[in-house]
Amino acid sequence: MRIGTRRLQFGLRSMMVMVACVALLLWAGLLYWRSRQITEIFGYSDQSQRSRAARKLGPESVPTLIRGLRNSDVMWRIESADTLRRLGPAAAPAVAALADGLKDSNPRMREAAANALRAIGPKAEAAVPDLVPLLRDPKMELRYTAVTALGQIRAHPEIAVPALAERLTDDNLYVRMMACNALGAFGKDAAVPVSTLTKSLDDPSALVRLRAAEAICKVTTDDAAAIAALIDLLADESMSIGAVRVLGELGPRADAAVPNLIELLRRPGEPNIGVIEVLGKIGPASRDAVPDIMRVIGDEQPRTRLGAARALASIGPDTERAVGVLIGLLADGDLGVRLSAVESLGVIGSAARAAVPSLVAMLQDENELVQRMAGDALEKIDPVAARDAGIQ
């Protein structure tokens, strides 16, 4: 019995050793295959071929790519950095090697390393001290890449923010523009120099002025100067879309822009759905825009009707003048428009009693969401009618 047990134990151990050996051989084969695959990628003469092949690599290739960053052939170094860029945050183990790449004698390699760190994002915070010196590089491309990388990493504001603030006066408008973006990305907790950003509101480039205003609104609530700059940009056809977008992000804080937004809405041409949506986000302060919003609520485009209905809902009780129009939208062919009209009537409340019969009828709608929202609106408009309709 003992001999049989020992033979069994020996057999099991032998099997385990064999399994371990096979696993090691498979792992070594995988590493070899990946190494060959990377070697083949760098061997392609055509950039598009290299890019397609590199996209097939996964995080398990990072150790091999790190070795590629230290290769004596500069093209290997550049291609390794570029492949790591495509891996994004999964390439975080390569941060130290990429930081070394920022000091490479070849400017293309320095740019490739900075781009890879940008793609890695916050996990690349250890590289910030090495990125900051690139902000003063004579080559515009390197300064631009370093600025965008710092904005994506958003770490070590004590050294990154002052260095980025210096780039607000860079000779290149795109570097200045991205410096505004990067400073805005740090938010309210990074002691961003608002006074310096405010100077950029007078930048010769409207693009920079727009980004500066947006950044100021992100780093402080004392943004009257930024909002004034955005209002000025509404008159610039090439910048008005961007200014409208930023004002929408501010919501009620942008109430000073309402008269200018109404003026923009009245311009000839297709209804500006972006402006309508922003007026809704500003809320009750947009009450003077209600007649203009009502004029476009019958537009042939469902998105315009939907945006108008939502804006009226957000503006609130002051939209009671729009009740008749909203009742008409309850029969709209677009589900989203009908739901927004229901929501708007509920926000208006008791002043929308004329809509009660239509809302009661909607309780029988085949769509359960329509039934539920119609019931909610009824309870806000006329609780007695809602109870009589069987809403508990």
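The rules behind these values
Residues numbered from 1 in each chain as written. Predicted model: local features only at pLDDT ≥ 70, side-chain atom pairs only at ≥ 80, totals over all residues. Heavy atoms only, no water. Helix = DSSP H or I, 4+ residues; strand = E, 2+ residues; numbered from the N terminus. Areas by Shrake-Rupley, 256 points an atom, 1.4 Å probe, with all protein chains shown as cover. Expected span 1.5 Å × (residues − 1). Buried < 20%, exposed > 50% of the residue type's maximum accessible area, 1.4 Å probe, protein only. Polar contact = N/O pair within 3.5 Å; in protein donor to acceptor, adjacent residues only side chain to side chain. Contact = heavy atoms within 4.5 Å. Core = buried A, V, L, I, M, F, W, Y, C linked by side-chain atoms within 4.5 Å. Salt bridge = Lys/Arg side-chain N within 4 Å of Asp/Glu carboxyl O. Axes fitted to C-alpha atoms, helices over the stretch in contact; angles between N-to-C directions. Parallel < 35°, antiparallel > 145°, perpendicular 65-115°, else oblique. Left-handed = near helix turned anticlockwise from the far one by under 90°. Nonpolar A, V, L, I, M, F, W, Y, C, P; charged D, E, K, R; others polar.

(A) Representation of the overall build of the protein within the structure. Counting its secondary structure elements, the protein contains 23 helices and zero strands. Surface summary for the protein: the accessible area is close to 19,900 Å², and the carbon and sulfur share equals 55%.

(B) Region of interest: helix α4 (residues 74-87). Relative to the 20 Å expected for 14 residues at 1.5 Å per residue, α4 spans 20 Å between its end C-alpha atoms, a close match to the ideal helical length. Listed as buried for α4 are R77, I78, E79, S80, A81, D82, T83, L84 and L87. Where α4 begins, the side chain of D73 points an oxygen toward the backbone nitrogen of M75, at a separation of 2.9 Å.

(C) Quick look at the side chain of D203. Along the chain, D203 turns up in the loop between α11 (194-199) and α12 (206-219). Polar side-chain contacts of D203 include one of 2.8 Å to the side chain of R176. For D203, the residues in contact, after removing those within four places along its chain, are L168, R176, V208 and R209.

(D) Region of interest: the side chain of D223. Along the chain, the position of D223 falls in the loop between α12 and α13 (224-233). Excluding anything up to four places from it in sequence, D223 contacts I216, C217, L250 and R253.

(E) Representation of the environment of G251 in the model. By the secondary structure assignment, G251 is in the loop between α14 (240-250) and α15 (258-265). You can call G251 buried: its relative accessible area is 6%. In the structure, G251 is positioned 27 residues away from V278 in sequence and 7.2 Å away in space, judged by C-alpha atoms. With residues up to four places along the chain from it excluded, the contact list for G251 reads K281 and I282.

(F) View of unusual backbone geometry. The phi dihedral of R154 falls on the positive side, at around 50°, and the residue is not glycine. Note that R154 resides in the loop between α8 (140-153) and α9 (157-166). For H156, which is not glycine, the phi dihedral falls at a positive 50°. Turning to its location among the elements, H156 is positioned in the loop between α8 and α9. For H156, a relative accessible area of 28% corresponds to the partly exposed category.

(G) A look at the nonpolar core. Counting residues in hydrophobic clusters, the biggest one holds 123 residues, and the most contacted among them are L98, L230, L247, L261, I293, L326 and L359. The element contributing the most residues to this core is α12, with nine residues. When near neighbours in sequence (up to four residues on either side) are disregarded, L326 contacts I297, A309, L312, A341, S344, L345 and I348.

(H) A look at helix α10 (residues 173-186). End to end, α10 covers 21 Å across 14 residues, agreeing with the expected 20 Å (1.5 Å per residue, within 8%). α10 sits mainly inside the fold: ten of its 14 residues count as buried. Inspection of α10 places V175, R176, M177, M178, A179, C180, A182, L183, G184 and F186 among the buried residues, and these make up the whole buried set. Those residues of α10 that are buried lie in contact with α8, α9, α11 and α12. Capping of α10 at its N-terminal end is provided by N172; its side-chain oxygen lies 2.8 Å from the backbone amide nitrogen of Y174. G187 lies just past α10 and shows a positive phi near 75°.

(I) Highlighting the environment of V323. With respect to the helices, strands and loops of the structure, V323 is situated in helix α19 (residues 323-329). Residues in contact with V323, not counting those within four places in the same chain, are L345, I348, A351, A352 and A354.

(J) Representation of the pattern of salt bridges in the model. Evaluated as defined, the whole model comprises 16 salt bridges. Between R110 and D137 there is a salt bridge, with the nearest N and O atoms lying 3.5 Å from each other. Taken together, the residues span a long stretch of sequence, with R110 in helix α6 (residues 107-120) and D137 in the loop between α7 (128-131) and α8 at a distance of 27 residues. Judged by its relative accessible area of 11%, D137 falls in the buried class. Between R253 and D223 there is a salt bridge, with its nearest N and O atoms 2.2 Å apart.

(K) Representation of the environment of R209 in the model. With respect to the secondary-structure elements, R209 resides in helix α12. Sequence separation between R209 and A226 is 17 residues, and the spatial gap between their C-alpha atoms is 8.9 Å. With near-sequence residues (within four places) excluded, R209 lies in contact with S200, L201, D202, D203, P204 and L233. A polar contact of 3.4 Å, which involves the side chain of R209, links it to the backbone oxygen of P204.

(L) Inspection of the packing of α14 against helix α16 (residues 273-282) at higher detail. The contact between α14 and α16 brings their axes to 8 Å, and the two run at 20°. In terms of axis orientation, α14 runs roughly parallel to α16. Two packed elements cross with a definite hand, and for α14 against α16 that hand is left-handed. Residue-level contacts link V244, L247 and G248 of α14 to G274, V275, V278 and K281 of α16. Looking at the contact of α14 with α16 residue by residue, the class counts come to four nonpolar, two polar and one charged.

(M) Structural detail: the packing of α16 against helix α18 (residues 302-315). The geometry of α16 relative to α18 is characterised by a closest axis approach of 8 Å and an angle of 20° between their N-to-C directions. Classified by the angle between their axes, α16 and α18 sit roughly parallel to one another. The handedness of the crossing between α16 and α18 is left-handed. When α16 is examined against α18, the residues I273, I276, E277, L279 and G280 are found in contact with a partner set consisting of R303, T304, G307, A308, A311, S314 and I315. A breakdown of the residues in the contact of α16 with α18 according to their chemical character gives six nonpolar, four polar and two charged.

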